[in-house]
Amino acid sequence: MSAGFEGPVAVTGASGYVASHVVRELLQRGATVHATVRNPGDAAKVAHLTKAAEGAPGTLKLFAADLLSEGSFAEALAGCVAVIHTASPFLITSIKDPQKDLVDPALLGTRNVLNQCSKTPSVRRVVLTSSVVAMYDGPSDAAAKGRPLNDTDWNETSSLTNNPYGYSKTVAEREAWTLAKAQSQWHLVVVNPGFVMGPSLTPRNDSASIDFLLGLINGKFSSGMWEFYTAWVDVRDVATAHVEAALRADAEGRHPLVSDNAGIWAAIELLRADFGSKLKLPGRRIPKWAAYLAAPFMGMTWGYVTKTVDVVFSIDGSRATERLGLTYRPLRDTLHDHVEQVIRDGLYKPS
Ligand code: NAP
């Protein structure tokens, strides 16, 4: 028996940046966790999970499962009361084939996992890790609403060629709601995290979140950085939201997870205040007109500059506080703890 849960809880893509925090929190709360990974034999991908289980009151069981292989999740889901479906590629750059690299695993994977939930009578609750990008296509799209975005907003404009990651998350979440409404055995609750930052449990940097932080502090933008706004949230708060969404009987609907709506330059100044010259932070703020000139050399289109640079928007994260009891950590703590982790794990050597 799992504390708080009446049976085991499955977490898909358990080795990932976000999911491993979800697994850790479940284990700390005494749950039995059925953690799916593509290859449980890959020590580098599961060592942090087995470490999280050491001394925790809960129990960890690893299962092999692939989003694109039908029936793959049957064993892991058997006997589970709740399924937290997090596995989905988070790629912003290095996308060769958006359909194959992003949309297929997101959409077909969600269909595969949720159909397996319907075939597993013990499953009563499904939590889907969506994203705020399922709510808007980009800053100018969000700003056009003239108000903070909330759980009623949907991304209507991303496509395979325009923001394919946002498109993959949107079609996957829409499919999840369609499948949820077609049956009555399990109840769907969705969490929509903003840009997730905060200490990783692994020294790996697969998630775009970690890659982005490293780029920000290792001199990649030493010649300068333009201003863009985003919705930030701490990975530890994202984990708590998932667990509460799985546990609370009255949880329902979508939950944007956002602690701060802030520009990248506000984040850079927080890092400068805490770490000073230890980090190779972006040197100067590139004005929008100069971003147009620099765009071709920095892998950006002019359309991206128009739609993103200096465009202010915000997302309301208060529903998760009201409905899931979430207290957000301040962005300064999130960034501070994340930098300390990448230094500790040797991913960044301070100057
Ligand atoms: P991540 O560390 O790269 O995790 C992605 C996970 O998906 C990995 O565990 C990966 O497994 C798994 N996966 C990918 N393709 C798979 C397949 N074919 N079969 C089985 N598993 C597969 O990225 P993350 O940042 O933690 O993202 C996790 C989730 O959070 C995603 O749904 C993402 O959209 C969502 N999210 C992330 C952010 C953010 O800022 N990080 C914000 C909002 C939402 P392997 O380890 O085997 O590759």
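The structure we're discussing is the one just above.
Chemist: I keep staring at the pairing of strand β10 (residues 253–257) and nothing clicks. Help me out?
Modeler: Side chains on a regular strand alternate between the two faces of the sheet. Among the five residues that make up β10, five are buried, leaving the element largely enclosed by the rest of the structure. Direction of pairing for strand β6 (residues 187–193) relative to β10: parallel, over a ladder of five bridges. What sits directly across from Val189, in β10, is Gly253.

Chemist: Is there a simple way to explain the sheet that holds strand β1 (residues 9–12) in this structure?
Modeler: The strands making up a sheet associate through hydrogen bonds between their backbones, and the pairing can be parallel or antiparallel. The sheet built from seven strands is open, its strands ordered β3-β2-β1-β4-β5-β6-β10 with parallel pairing. Sheet topology places β3 (59–64) and β10 at the edges, where each strand pairs with a single neighbour. Within this sheet the neighbouring strands show an average axis-to-axis angle of 20°, counted without direction. Sheet topology places strand β2 (residues 32–37) next to β3; six bridges connect them, and they run parallel.

Chemist: Help me out: how do you make sense of helix α9 (residues 264–275) in this one?
Modeler: The α-helix advances 3.6 residues per turn, and as a result positions three or four apart in sequence lie on the same side. Along its 12 residues, α9 runs 16 Å from first to last C-alpha, staying within 8% of the 16 Å computed at 1.5 Å per residue. Inspection of α9 places Ile264, Trp265, Ala267, Ile268, Leu271 and Phe275 among the buried residues, and these make up the whole buried set. Along the axis of α9, the buried residues cluster in a sector spanning 155°; they form a single face. As for α9, its buried residues are in contact with α7 (208–217), β8 (225–226), β9 (229–234), β11 (260–263), β12 (285–286) and α13 (331–344). Looking one or two residues beyond α9, the residue adopting positive phi is Gly276, at roughly 50°.

Chemist: Sorry, what's going on with the sheet that holds β11 here?
Modeler: Strand order across the open sheet formed by three strands is β7-β9-β11, with mixed pairing between neighbours. Looking along the sheet, the strands with just one partner apiece sit at the ends: β7 (195–197) and β11. Taken pair by pair, the neighbouring strands of this sheet meet at an average axis angle of 45°, ignoring direction. Where β7 meets β9, three bridges bridge the pair, whose relative direction is parallel. Within the sheet, the bridge partner assigned to Met197 lies in β9 and is Asp234.

Chemist: Can you help me understand the layout of surface pockets in this one?
Modeler: The method is simple in principle: a probe with the dimensions of a water molecule rolls over the atoms, and the space it marks as empty is what remains. Approximately 250 Å³ is the volume attributed to the second largest pocket. As for the second largest pocket, its lining consists of 13 residues, of which His48, Lys51, Ser200, Leu201 and Thr202 are closest to the centre. Per-element accounting of the lining of the second largest pocket gives the leading share, four residues, to helix α2 (residues 43–53). Here the residues of the lining of the second largest pocket sort into five nonpolar, four polar and four charged.

Chemist: What exactly am I supposed to notice about the environment of Trp154 here?
Modeler: Structurally, Trp154 is set in the loop between α5 (139–143) and α6 (164–181). Classification of Trp154 as buried rests on a relative accessible area of 17%. The residues contacting Trp154, other than those within four sequence positions of it, are Ala134, Met135, Tyr136, Thr170, Glu173, Arg174, Trp177 and Arg254.

Chemist: Honestly, the packing of helix α4 (residues 98–118) against α6 in this entry has me stumped. Any pointers?
Modeler: The geometry of α4 relative to α6 is characterised by a closest axis approach of 9 Å and an angle of 15° between their N-to-C directions. As summarised for this structure, α4 and α6 are arranged roughly parallel, according to the angle between their axes. At the point where α4 passes α6, the crossing takes the right-handed sense. In this structure, α4 uses Pro98, Leu102, Val103, Ala106, Leu107, Thr110, Arg111, Leu114 and Asn115 to contact α6, whose residues at the interface are Pro164, Tyr165, Tyr167, Ser168, Val171, Ala172, Glu175, Ala176 and Leu179. Split by residue class, the contact of α4 with α6 holds 13 nonpolar, three polar and two charged.

Chemist: Please clarify how empty space enclosed by the protein should be interpreted in this entry.
Modeler: Applying the stated criterion to the full structure yields one cavity of 30 Å³ or more. Residue lining of the largest cavity: His85, Thr86, Ala87, Ser88, Ala106, Thr110, Leu128, Thr129, Ser130, Lys169, Ala172 and Glu173, and that is the complete set. Those elements that place two or more of their residues in the lining of the largest cavity are α4, β5 (125–129) and α6. Here the lining of the largest cavity gets three residues from one element, more than from any other, and that element is α6. Considering only residue class, the lining of the largest cavity consists of four nonpolar, six polar and two charged.

Chemist: How should the packing of aromatic side chains be read in this particular structure?
Modeler: Think of a pair of aromatic rings as described by two things: how far the centres are apart, and how the planes are tilted against each other in angle. Taken as a whole and assessed by the stated rule, the structure comprises six aromatic pairs. Ring geometry for Phe212 against Phe228: centres 6.3 Å apart, planes inclined by 75°, an arrangement best described as edge-to-face. A residue pair is termed long-range when its members are at least 10 positions apart, and Phe212 in helix α7 and Phe228 in the loop between β8 and β9 qualify at 16 residues. A relative accessible area of 19% means that Phe212 is categorised as buried.

Calculation criteria
Residues numbered from 1 in each chain as written. Predicted model: local features only at pLDDT ≥ 70, side-chain atom pairs only at ≥ 80, totals over all residues. Heavy atoms only, no water. Buried < 20%, exposed > 50% of the residue type's maximum accessible area, 1.4 Å probe, protein only. Helix = DSSP H or I, 4+ residues; strand = E, 2+ residues; numbered from the N terminus. Pairing = 2+ DSSP bridges. Axes fitted to C-alpha atoms, helices over the stretch in contact; angles between N-to-C directions. Expected span 1.5 Å × (residues − 1). Arc of directions from axis to C-beta. Contact = heavy atoms within 4.5 Å. 1 Å grid on protein atoms, 1.4 Å probe; cavity = no way out; pocket = protein on both sides within 12 Å on 5 of 7 lines; lining within 4 Å. Points joined across faces, edges and corners; volume = space filled by probe spheres on them. Nonpolar A, V, L, I, M, F, W, Y, C, P; charged D, E, K, R; others polar. Parallel < 35°, antiparallel > 145°, perpendicular 65-115°, else oblique. Left-handed = near helix turned anticlockwise from the far one by under 90°. Phe/Tyr/Trp six-rings, centres within 6.5 Å; stacked < 30°, edge-to-face > 60°.

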